[in-house]
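The lines below spell out each chain.
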2 protein chains.
Amino acid sequence: MSKTMLPIALSNKHIHVSQADLDVLYGSGYELSKMKDLSQPGQYACDEKVDIVGPKGTLKGVRILGPVRPDTQIEVSIADAFALGIPPVVRNSGELNDTPGLKVIGPKGEVDLEKGVIVAARHIHMHTTDGEEFGVNDKQIVSVKVNGPRGLVFDNVLVRVHPTYALEMHVDLEEGNASGIKNGDLVELIK
Amino acid sequence: MSKTMLPIALSNKHIHVSQADLDVLYGSGYELSKMKDLSQPGQYACDEKVDIVGPKGTLKGVRILGPVRPDTQIEVSIADAFALGIPPVVRNSGELNDTPGLKVIGPKGEVDLEKGVIVAARHIHMHTTDGEEFGVNDKQIVSVKVNGPRGLVFDNVLVRVHPTYALEMHVDLEEGNASGIKNGDLVELIK
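Residues numbered from 1 in each chain as written. Chains lettered and ligands numbered in written order. Predicted model: local features only at pLDDT ≥ 70, side-chain atom pairs only at ≥ 80, totals over all residues. Heavy atoms only, no water.

Draft legend 1. Up close: the overall build of chain A. Secondary structure summary: chain A contains four helices and 15 strands in total. Computed over the C-alpha atoms, the radius of gyration of chain A is 17 Å, within 12% of the 16 Å expected from 2.2 N^0.38 for a compact globule of 191 residues. Projected onto its principal axes, the C-alpha coordinates of chain A cover approximately 55 × 30 × 30 Å. A burial count over chain A gives 50% of its 191 residues as buried. Carbon and sulfur atoms form 51% of the exposed surface of chain A, whose accessible area is close to 8,800 Å². (Helix = DSSP H or I, 4+ residues; strand = E, 2+ residues; numbered from the N terminus. Rg over C-alpha atoms; globule rule 2.2 N^0.38 Å. Buried < 20%, exposed > 50% of the residue type's maximum accessible area, 1.4 Å probe, protein only. Areas by Shrake-Rupley, 256 points an atom, 1.4 Å probe, with all protein chains shown as cover.)

If you want it as structure tokens, here you go:
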């Protein structure tokens, strides 16, 4: 019988930056400073924060997650998108075509992004070994059941299997609050 | 075969007030001023707004919904509760024992509530005729399926059947955004 239970975690709004954009925001050749490791190996929260400015509003102090990536990507909730005044576009990480942009302000400069703001689609990270134990493949779509007073079943959950991933489901703050979960709660994968 | 589809709507934070509290907040004998009717017959949004103040933060301009009720009740999201610095307590409307209180500030005075702040449990309003057509009873617990990219199945949905109710499911903003719905979208009742 396959494994079914895995931990879930809530993602708050954050930004991944390219080195080119970091050079503008924090100065040429700037290196991110690790505040703490995240659950996915090699990923970390940084001391650095920026403000993001949309046509309707500003979100101040949005934390940078490291390391730097090829493309700058900002992940917000639907409520955040409304507050900024940009359309909420639900996307998988890295799929940035036809997403809205906005202005990013750092201590040394500003970047006007043409695209890159997404509402991250819920997903599960799994190590290759987990994929075998759960009996699922990379890019498989599954459902996930959450118990409790706000219990629900998330459909359309993307599974990502990779040798560098650690077992964890990621939802945004609104999905987490809507289902009444806390970081580390166990949820059930349903195929 | 029973009916299964019904409209859904998102509830933003709001406050229902008792006449006694309204007298303090807006002045003795004050009468609420209707801004617009809500979907439930006899219920309406008012022109009047108040500030609500918790130990950690304030939410300004929270709209009063009328008519006045026997007990003041404030409905917020889990994120709102964290911003206010009070525990998020998921409850059915009217079940206010052991709920947190806070300070309410109106133009003429302040009220220190000992209780009354809830995160409203998701629920369905139905007219008696709808209850027959859907084949469900007052206080029955059902599930509700939402389609789309953020599709999910809400479990633990309370059905309220009453001759004064109009057919509509109510969720809070976080539940609405987590499922990608807009006001008036059709969802499926599952028994």
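Draft legend 2. Representation of the packing of aromatic side chains. As enumerated under the stated definition, the model contains two aromatic pairs over all chains in all. A centroid spacing of 4.8 Å and a plane angle of 35 degrees characterise the contact between Y26 of chain A and Y30 of chain A, whose relative ring orientation is tilted. With a relative accessible area of 13%, Y26 of chain A lands in the buried category. Judged by relative accessible area, which is 27%, Y30 of chain A ranks as partly exposed. Here the guanidinium or amino end of K34 of chain B rests over the ring plane of Y44 of chain B, the centre of that ring lying 5.3 Å away. (Phe/Tyr/Trp six-rings, centres within 6.5 Å; stacked < 30°, edge-to-face > 60°. Lys NZ or Arg CZ within 6 Å of the ring centre and 35° of its normal.)

Draft legend 3. Broad picture of the relation of the copies chain B and chain A. Turning chain B through 180 degrees and shifting it by 0.0 Å along the axis lays it on chain A, with an RMSD of 0.0 Å. Taken together, the rotation and translation relating the two chain copies correspond to the operation of a two-fold axis. Looking at chain B, 100% of its interface residues are interface residues in chain A too, so the copies touch through the same face. (Least-squares fit on C-alpha atoms with pLDDT ≥ 70 in both. Contact = heavy atoms within 4.5 Å.)

Draft legend 4. Region of interest: helix α1 (residues 19-26) of chain B. Residues and elements named next belong to chain B. Buried within α1 are the following residues: D21, L22, L25 and Y26. For α1, the buried positions fall inside an angular range of 105 degrees around the axis, keeping them on one side. Buried positions along α1 lie against β4 (44-53), β5 (58-66), β8 (103-105) and β9 (110-112). (Arc of directions from axis to C-beta.)

Draft legend 5. Inspection of the pattern of salt bridges at higher detail. Summed over all chains, the structure comprises 20 salt bridges over all chains. K103 of chain A is paired through a salt bridge with E110 of chain A; the nearest N and O atoms lie 3.1 Å apart. By relative accessible area, E110 of chain A is classed as partly exposed at 46%. The salt bridge partner of K3 of chain B is E133 of chain B, with a shortest N-O separation of 3.7 Å. Linking K3 of chain B in the segment before β1 (5-11) with E133 of chain B in helix α3 (residues 128-134), this pair joins segments that are 130 residues apart in sequence. Each of the salt bridges in this network shares a partner with another, and the network as a whole consists of R122, D172 and E175 of chain A together with R150 of chain B. (Salt bridge = Lys/Arg side-chain N within 4 Å of Asp/Glu carboxyl O.)

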